Amino acid sequence: MSLTASRDSAVPGSRGTPPPRTPDQRKRALGLDRGAWFLLLPALIPILILSVGPLLYGISLAFTDSQAGRTAPTRFAGVDNFLDLRHDGLFWESFRIGLTWAVCVTALQFALALGLALLLNQNLRFRWLARTLALVPWAMPEVVVGIMWRLVYHSDAGVLNKTLTQFGLIHENVDWLSDLSYALPAVIVVGVWAGMPQTTVVLLAGLQNVPHELREAAQIDGAGLWRRFTTVTWPALKPVVLAVTALNFIWNFNSFGLVYVLTQGGPGGKTRLPMLFAYEEAFKYGQFGYAAAMGLVMVAVIAVLLTVFLRKKLKEDATGTEAAA
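It should be emphasised that the depicted structure is a prediction, and the values quoted were computed from it without experimental measurement. (Residues numbered from 1 in each chain as written. Predicted model: local features only at pLDDT ≥ 70, side-chain atom pairs only at ≥ 80, totals over all residues. Heavy atoms only, no water.)

Caption draft 1: Region of the structure containing the overall build of the protein chain. Helix and strand content of the protein chain: 15 helices and zero strands. Expressed as a percentage of its 325 residues, the buried residues of the protein chain come to 33%. Excluding contacts between residues fewer than 6 apart, the proportion of contacts in the protein chain whose partners are at least 24 apart in sequence is 65%. (Helix = DSSP H or I, 4+ residues; strand = E, 2+ residues; numbered from the N terminus. Buried < 20%, exposed > 50% of the residue type's maximum accessible area, 1.4 Å probe, protein only. Contact = heavy atoms within 4.5 Å.)

What follows is the structure in structure tokens.
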């Protein structure tokens, strides 16, 4: 008898395959152990009640004609809300403003946070104090941030107008939050200031995971500061950059509290983000079904944009890895 035949006869099942697993082993492989599910329940139950439940209810509400103060029962409206939404120019204008806001705030947050993270990653004196102070805007509630910046932008007693007047940059006070030309840029500045710390923390954590030996080796080989950043730091930081950029875009596009406190969508709707528009439709005009349809459209569009963005970036990273190999 040959060696191959004896090996095949000794192993049950097909040639070279391990013996079949027992039902308990299959359950463990699929994560179906009852003990594990029991331990996950304290975390799963709040998620199901506070996140999944409202999400499913909002989706179902988008296909109804639900209105506030209506005595007639709510009925199924099919896609009527979405057909009406297709011709709602005000909503699509707010969507354009929301994309402008999200792209500008995300890009500026990342650029400034990357520079700050690179600085805080250096061996500087009082680095611990600088890192602590950098987190102050992150620790402040949005309402407090909004009120504080309203005082900064105040047309008569605001610090900004006082400072610019003293330096001779302006000759009369500017109403930053009520001017049609300045309102959106002014709100974008506040959004960048409030959200930059969390991006800084994430990027700083990514920088600290870059092997120091690689930077030292590049420096010994004669690579300058920019060369070390582009060849060592940036490739190692790419996964972190991709994740934080995608999350920041989602958070910024869904902003509500900060802009609501600053301008409430004014002047003339120049800062009316989609979330503000949906809020007004639901709680100011009582159109719950229509507002839910807006929310569903926003989720769908952002999901598509993020999918295209992430696929493009992952494809570029894969192409770059293959080229390097």
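Caption draft 2: Summary view of the packing of helix α11 (residues 212-220) against helix α12 (residues 225-253). At a minimum axis distance of 10 Å, the contact between α11 and α12 shows a crossing angle of 150 degrees. The orientation of α11 relative to α12 falls into the category roughly antiparallel. As for the relative orientation of α11 and α12, their crossing is right-handed in sense. In this structure, α11 contributes L214, R215, A218 and Q219 to the contact, and α12 contributes R228, V232 and T233. Taken together, the residues that form the contact of α11 with α12 break down as three nonpolar, two polar and two charged. (Axes fitted to C-alpha atoms, helices over the stretch in contact; angles between N-to-C directions. Parallel < 35°, antiparallel > 145°, perpendicular 65-115°, else oblique. Left-handed = near helix turned anticlockwise from the far one by under 90°. Nonpolar A, V, L, I, M, F, W, Y, C, P; charged D, E, K, R; others polar.)

Caption draft 3: View of unusual backbone geometry. The linkage connecting G266 with the following residue, P267, adopts the cis geometry, with an omega of -5 degrees. Structurally, the position occupied by P267 is in the loop between α13 (257-262) and α14 (274-284). The phi angle at Q264 is positive, at roughly 55 degrees, despite the residue not being glycine. Structurally, Q264 is set in the loop between α13 and α14.

Caption draft 4: View of the packing of aromatic side chains. Inspection of every chain in the model, using the stated rule, returns 19 aromatic pairs. One aromatic cluster is present, formed by F91, W92, F95, F249, F253 and F277 through successive ring pairs. (Phe/Tyr/Trp six-rings, centres within 6.5 Å; stacked < 30°, edge-to-face > 60°.)

Caption draft 5: Broad picture of the side chain of N252. With respect to the secondary-structure elements, N252 resides in helix α12. A polar atom in the side chain of N252 sits 2.9 Å from the side chain of T106. (Polar contact = N/O pair within 3.5 Å; in protein donor to acceptor, adjacent residues only side chain to side chain.)

Caption draft 6: Up close: the environment of T199. Relative to the helices and strands, T199 is located in helix α10 (residues 183-208). Spatially, the C-alpha atom of T199 lies 8.1 Å from that of N248, the residues being 49 residues apart in sequence. Beyond its immediate sequence surroundings of up to four residues, T199 is in contact with Q109, F110, A113, V244 and N248. Of the polar contacts made by the side chain of T199, one reaches the side chain of N248; its length is 2.8 Å.

Caption draft 7: Main features of the environment of N161. Structurally, the position occupied by N161 is in helix α9 (residues 159-166). Apart from the residues within four sequence positions on either side, N161 is in contact with H154, S155, I170, N173, V174 and W176. Within the structure, the side chain of N161 is placed 3.4 Å from the backbone oxygen of H154, a separation counted as a polar contact. Among the polar contacts made by the side chain of N161, one reaches the main-chain carbonyl oxygen of S155 at a distance of 3.1 Å.

Caption draft 8: Region of interest: the side chain of T263. Tracing the backbone shows T263 in the loop between α13 and α14. Judged by its relative accessible area of 14%, T263 is buried. Other than its neighbours up to four places away in sequence, T263 contacts R150, L177, V187 and T271.

Caption draft 9: Broad picture of the packing of helix α5 (residues 89-120) against α12. Where α5 contacts α12, the axes come no closer than 10 Å and their chain directions differ by 145 degrees. The two elements α5 and α12 meet at a crossing, and its hand is right-handed. Residues F95, G98, L99, W101, A102, V103, V105, T106, Q109, F110, L114 and L118 of α5 pack against F229, W234, L237, V241, T245, N248, F249, N252 and F253 of α12. By residue class, the composition of the contact of α5 with α12 is 15 nonpolar, six polar and no charged.

Caption draft 10: Examining the nonpolar core more closely. F91, W101, Y153, V190, L262 and M294 are the most contacted members of the largest nonpolar core, which has 37 residues in total. Setting aside residues no more than four positions away along its own chain, F91 makes contact with L85, F277, M294, V297 and M298. If you look at the next biggest cluster of nonpolar residues, it comprises 14 residues, including L204, L207, F229 and L237. (Core = buried A, V, L, I, M, F, W, Y, C linked by side-chain atoms within 4.5 Å.)

Caption draft 11: Here's a closer look at a nonpolar patch on the surface. On the surface, F38, L39, L41, I45, I47, L48, I49, L50, V52, L55, L56 and I59 cluster together to form a nonpolar patch covering roughly 1,200 Å² of accessible area. Mapped onto the fold, L41 is located in helix α3 (residues 34-61). (Patch = residues over 30% accessible without salt bridge, like charges linked within 9 Å, V, L, I, M, F, W, Y side chains within 5 Å. Areas by Shrake-Rupley, 256 points an atom, 1.4 Å probe, with all protein chains shown as cover. Salt bridge = Lys/Arg side-chain N within 4 Å of Asp/Glu carboxyl O.)

Caption draft 12: Highlighting the pattern of salt bridges. In the structure shown here, the tally under the stated rule is three salt bridges. The partner of D65 in a salt bridge is R75, and the shortest N-O contact between them spans 3.3 Å. Of this pair, D65 sits in the loop between α3 and α4 (80-86) while R75 sits in the loop between α3 and α4, and the two are ten residues apart along the sequence. A residue is classified by how much of its surface remains accessible, and D65, at 12% relative accessible area, is buried. A salt bridge links E93 to R96, with the shortest nitrogen-to-oxygen separation between them at 2.6 Å. Taken together, the residues span about one helical turn, with E93 and R96 both in helix α5 at a distance of three residues.

Caption draft 13: How the structure looks around the confidence of the model for the protein chain. For the protein chain, the average pLDDT comes to 84, and 87% of its residues sit at 70 or higher. For residues 1-15, every residue scores under 50 in pLDDT, and the model assigns this stretch six contacts once sequence neighbours within four places are set aside. (pLDDT = per-residue confidence, 0-100.)

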